[in-house]
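Per-entry structural report
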Amino acid sequence: MRYPTPRELAQAARALADEHPRRARLRRVGTSRAGEPLWLLSVRPGGPATVPDGGEVLVVAGAHANEPVGGATALALARHLAAGHPAPGSGPRAGGGWHFLLCADPDGAALHRTPQPRSLLDYHRSFYRPPGPEQPEWAPSLLPADRLPPETRILTGLIDELRPVLQVSLHATDLGGSWVQLTRDIPGLAEPFAKSAAELRIPVETGASDAAGWPSPGPGIFVLPPAGPDAPRSFHPEDTRLSTWYRAHRHAGTTAVVEVPMWASDLVDDPAPHPDPRGALRALADRLARDAALVAAVRDRFGGPPAEDDGPGAAALLRAVDWTLGLIPGITAEWTGPAAPADATAARIHSIDAFGRRLSLRAASMLLRVLRGRGHPAGAELDRLVTGWCTDFAARFQARPVPIPTQVEHQSRTVLFTYTHLLKSPRADVG
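Conventions we followed
- Residues numbered from 1 in each chain as written.
- Predicted model: local features only at pLDDT ≥ 70, side-chain atom pairs only at ≥ 80, totals over all residues.
- Heavy atoms only, no water.
- Helix = DSSP H or I, 4+ residues; strand = E, 2+ residues; numbered from the N terminus.
- Rg over C-alpha atoms; globule rule 2.2 N^0.38 Å.
- Buried < 20%, exposed > 50% of the residue type's maximum accessible area, 1.4 Å probe, protein only.
- Core = buried A, V, L, I, M, F, W, Y, C linked by side-chain atoms within 4.5 Å.
- Contact = heavy atoms within 4.5 Å.
- Axes fitted to C-alpha atoms, helices over the stretch in contact; angles between N-to-C directions.
- Parallel < 35°, antiparallel > 145°, perpendicular 65-115°, else oblique.
- Left-handed = near helix turned anticlockwise from the far one by under 90°.
- Pairing = 2+ DSSP bridges.
- Salt bridge = Lys/Arg side-chain N within 4 Å of Asp/Glu carboxyl O.
- Phe/Tyr/Trp six-rings, centres within 6.5 Å; stacked < 30°, edge-to-face > 60°.

As annotated in an unreviewed UniProt entry, the chain carries the name M14 family zinc carboxypeptidase and comes from Streptomyces toxytricini.

Pasting the structure below:
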């Protein structure tokens, strides 16, 4: 199995809608900046597919170009529901439809070309992740409303149209474990989530750097803290509370972000107290600054904007390189500042370690693609860096590959568990 492209997802969705015309419907909901279609597959297990009756679920795949498993998961869930299988535990009141945005960023997906990566190095050879303002979910936290990209406007329009009781955003990490981020707590989710992960030999990331300081009602489950000047922030410039994840709250909905790893590491599930978190963070900050400086030096030698013959993707890659490098000084300052944790688990420090490694590696990998396209002599130097960093990353974290069907199975289960337990919550009103 390999990760499907946006075009393959659309073809499979069309076949599914043709096979189950009463339950499934495929429609084009908009166009990307580069003119690519965005497709929504709607499935109503009880049929017909065009009749809204409350309790809608919106599943968003492909919001991050370098996290392609979501499309495969969306298709697997759609096939399951189109065959007439209701979500477990949904009961007679939950007759709502399931709506799958098959790829929220088809332009980004076209630049990240790793359909079946065999190693971390293979994955990074064709790596691409857009800068924050060009990511559909993050753009509202970084741009004014009149400058939002069309992909964001399409997504927010769908949320307002469907008024979902649950929005699920399907994400992935290159190396680590699985975790879930919620905009509201969903009691009872932690137990089936952990059971699924254990059955499939996927570690639970108990100290995810993306959710640093967030309340955690169970291992691997993190709840976005309430708004306020003292609310804890993860090591990102974006304010999650301004992302499209919170848009569902306008309609009394909840958003869940489901992360699964491509390569697993048991280090991110280590509950032991770390003996010196601040010392470790200082060392990680020093390494990140050094690594970033190496990439920045090559970037400076390469010069300004791409040449006309560099290809249409070169400008996007360089914007992403510059964005990523620009994040690093603020991150290292936070790791070494007064807010750095005095107490932390080994899992949390390992998660932060992985986060730092991937920042410089991603910047180097994207820059390398541009240098190779131009035949720039600095490409050989950067290639050695990328190769060495990938090797060290995998060795340090004792990485083991998670088969794509296993990623899809765990992510699908977690989506259904989330829906089931949301229905049991006193807040849910899907009748």
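Per the secondary structure count, the chain includes 11 helices and 9 strands. For the chain, the C-alpha radius of gyration of 21 Å lies close to 22 Å, the compact-globule estimate for 431 residues. Structurally, the chain occupies a C-alpha span of about 60 × 50 × 40 Å along its principal axes. Burial status across the chain gives 60% buried among its 431 residues.

What follows concerns the nonpolar core. Tyr 128, Trp 335, Leu 367 and Leu 382 are the most contacted members of the largest nonpolar core, which totals 60 residues. Counting residues per element, this core draws most heavily on helix α9 (residues 346–374), which supplies 13 residues. Setting aside residues up to four positions removed in sequence, Leu 367 forms contacts with Val 295, Val 298, Arg 299, Leu 318, Val 321 and Leu 382. Core analysis: the second largest hydrophobic core is formed by 44 residues, Ile 202, Val 204, Ala 256 and Leu 423 among them.

This part is about the packing of helix α6 (residues 190–199) against helix α11 (residues 404–424). Relative to each other, α6 and α11 sit at 165°, their axes nearing to 9 Å. When the axis of α6 is compared with that of α11, the two are roughly antiparallel. The element α6 and its partner α11 pack so that their crossing is right-handed. Here Pro 192, Phe 193, Ser 196, Ala 197 and Glu 199 of α6 lie close against α11, whose contacting residues are His 410, Arg 413, Thr 414, Phe 417 and His 421.

Moving on, we get to the pairing of strand β1 (residues 24–31). Sheet topology places β1 next to strand β2 (residues 37–43); 7 bridges connect them, and they run antiparallel. For Leu 26, the partnering residue across the bridge sits in β2 and is Leu 41. Following β1, the chain reverses through 5 residues before pairing antiparallel with β2; Gly 35 in that reversal takes a positive phi of roughly 90°.

Bringing unusual backbone geometry into the picture now. Of note in this structure, Arg 163 is not a glycine but carries a positive phi near 50°. On the accessibility criterion, Arg 163 (51% relative accessible area) is exposed. In this model, Ala 252 sits at a positive phi of 60°, which is unusual for a non-glycine residue. Along the chain, Ala 252 turns up in the loop between β7 (221–223) and β8 (254–264). Classification of Ala 252 by relative accessible area gives exposed; the value is 53%.

Attention now goes to the pattern of salt bridges. Within the structure shown, the criterion is met by 20 salt bridges. For Arg 44, the salt bridge is made with Glu 56, and the minimal N-O distance between the two is 3.2 Å. Note that Arg 44 is positioned in the loop between β2 and β3 (57–60) and Glu 56 in the loop between β2 and β3, a separation of 12 residues in sequence. Take Arg 44 and Glu 56: they sit in the same class, and that class is buried. The residue Arg 129 makes a salt bridge to Glu 67 at a minimum N-O spacing of 3.1 Å. Residue Arg 129 is located in the loop between α4 (120–125) and α5 (150–162), and its partner Glu 67 is located in the loop between β3 and α2 (69–82); the two are separated by 62 residues in the primary sequence. The same class applies to Arg 129 as to Glu 67, namely buried.

On to the packing of aromatic side chains. Under the defined criterion, the tally for this structure stands at 7 aromatic pairs. Judged by centre distance (5.0 Å) and plane angle (70°), the rings of Trp 98 and Tyr 419 are edge-to-face. One end of the pair, Trp 98, is in strand β4 (residues 98–101); the other, Tyr 419, is in helix α11, with 321 residues separating them in the sequence. For Trp 98, a relative accessible area of 2% puts it in the buried group. Taking the relative accessible area as the measure of exposure, Tyr 419 reaches 1% and is therefore buried. With a centroid separation of 6.2 Å and an interplanar angle of 65°, the aromatic rings of Tyr 123 and Trp 263 are classed as edge-to-face. Placement of Tyr 123 in helix α4 and of Trp 263 in strand β8 is noted, with a sequence separation of 140 residues between them. For Tyr 123, a relative accessible area of 1% puts it in the buried group. In textbook terms, an aromatic cluster arises when at least three aromatic residues are bridged by ring pairs, as seen for Trp 98, Phe 100 and Tyr 419.

Judged by how many residues are buried, strand β5 (residues 166–176) sits mostly within the fold: 11 of 11 residues are covered. In the sheet, β3 pairs with β5 via 4 bridges, with the strands oriented parallel. Across the sheet, residue Leu 58 finds its bridge partner in β5, namely Gln 167. Where β5 and β8 come together, 10 bridges link them in parallel fashion.

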